[in-house]
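Observations on the three-dimensional arrangement
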Amino acid sequence: MFKDITIGQYFPVDSPVHRLDPRFKIIIMFLFIVSLFFIVDYSPYLLVVAFLLFTIWASKVPLAMILRGLKPLRLILLVTFLMNLFFIPGEELFRFGFLSISRQGLNQAVFMAIRLVLLVAGTSILTLTTSPIQLTEGIEKLMTPLAKLGFPAHAIAMMMTIALRFIPTLIDEADKIMKAQMARGADFESGNIVSRAKNLIPLLVPLFINALRRADELANAMESRCYRGEGKRTKMNPLVTTSFDWTVFLISTAFFVGVAALRLLPLP
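Residues numbered from 1 in each chain as written. Predicted model: local features only at pLDDT ≥ 70, side-chain atom pairs only at ≥ 80, totals over all residues. Heavy atoms only, no water.

So, the packing of aromatic side chains
The description of two aromatic rings rests on the distance between their centres and on the angle between their planes. The line we're drawing: Centres within 6.5 Å are what make two rings of Phe, Tyr or Trp a pair, Trp counting through its six-membered ring; a difference in plane orientation under 30 degrees is then read as stacked, over 60 as edge-to-face, and the rest as tilted. Numbered from the N terminus, helices here are DSSP runs of H or I no shorter than four residues, and strands are runs of E no shorter than two. Between buried and exposed lies partly exposed: a residue is buried under 20% and exposed over 50% of the maximum accessible area for its type, with that area taken using a 1.4 Å probe on protein chains only.
Inspection of every chain in the model, using the stated rule, returns ten aromatic pairs. With a centroid separation of 4.9 Å and 65° between ring planes, the pair formed by Phe24 and Trp246 is classed as edge-to-face. With Phe24 in helix H2 (residues 22–38) and Trp246 in helix H12 (residues 243–261), this residue pair connects regions lying 222 residues apart in the sequence. Given a relative accessible area of 7%, Phe24 falls into the buried group.

Shown next, in the form of structure tokens:
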């Protein structure tokens, strides 16, 4: 169950997407998210899906790995679908007792489900193709203008990256604890959703203890290496933009701006 969560994981291969400047990848991902909220019809989703599939192919990340990351969202997708399906008024299609399904509700339910799937699949590519170090440097560089106003850009970038990097670590810890308790007779599979959620409560105490222990070990390791976040820091591999980075950035920006601009066109 926990192995299906791919957020925060890094897939180390050599691909054009991996070599892309992390600053541009973060901006492109932001444009991708914004463009999804501008879409009001199904046809622009075909363009976004085509762009997403091409990016996955260019990144050499297995498509099965991207789809596996959607499995933990099944409950969220189901709840979102049902909420839009039954609680949006409109032209009634079916009625089940006090619940009714409208044409507008069905359309909105499918629309929101597609949007949520694309959001998760698209954003997971950022962490799968960007190492934690590159992600930290990219976020820090993008927030550099705020640092002149006293904003702790480096500290915020470091905290965000560490939190993101700890997700797969905590997932592995939870999986090990679950298997250890299953070997002692614990049951996490049978019962309804409520009972299965209650059975997961014994995982929280050892998981929090391990998380605090790992955080303390990380702090000690950073202090023993005389880490100081403030001040000017040198980089072993400083970020350098290339013509390829600018080409991909401009093409992606034009694409997502065009997708967002489709909202201004009159619907047939």
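A word on unusual backbone geometry
At Lys60, a residue that is not glycine, the phi angle is positive and equals roughly 65°. Position of Lys60 relative to the elements: it lies in the loop between helix H3 (43–59) and helix H4 (63–68).

Details of H3
As a reminder, the rule being used: The span you would expect from a helix comes to 1.5 Å times its residue count less one. Starting at the helix axis, one direction is taken to each C-beta atom, and the arc is that of these directions.
The end-to-end C-alpha distance of H3 is 25 Å, a good match for the 24 Å that 17 residues give at a rise of 1.5 Å each. Among the residues of H3, those classed as buried are Pro44, Tyr45, Val48, Leu52, Thr55, Ile56, Ala58 and Ser59. The buried residues of H3 occupy an angular sector of 165° when projected down its axis, which confines them to one face. Pointing more than 90 degrees away from the buried face of H3 are the exposed residues Leu46, Phe54 and Trp57. Lys60 lies just past H3 and shows a positive phi near 65°.

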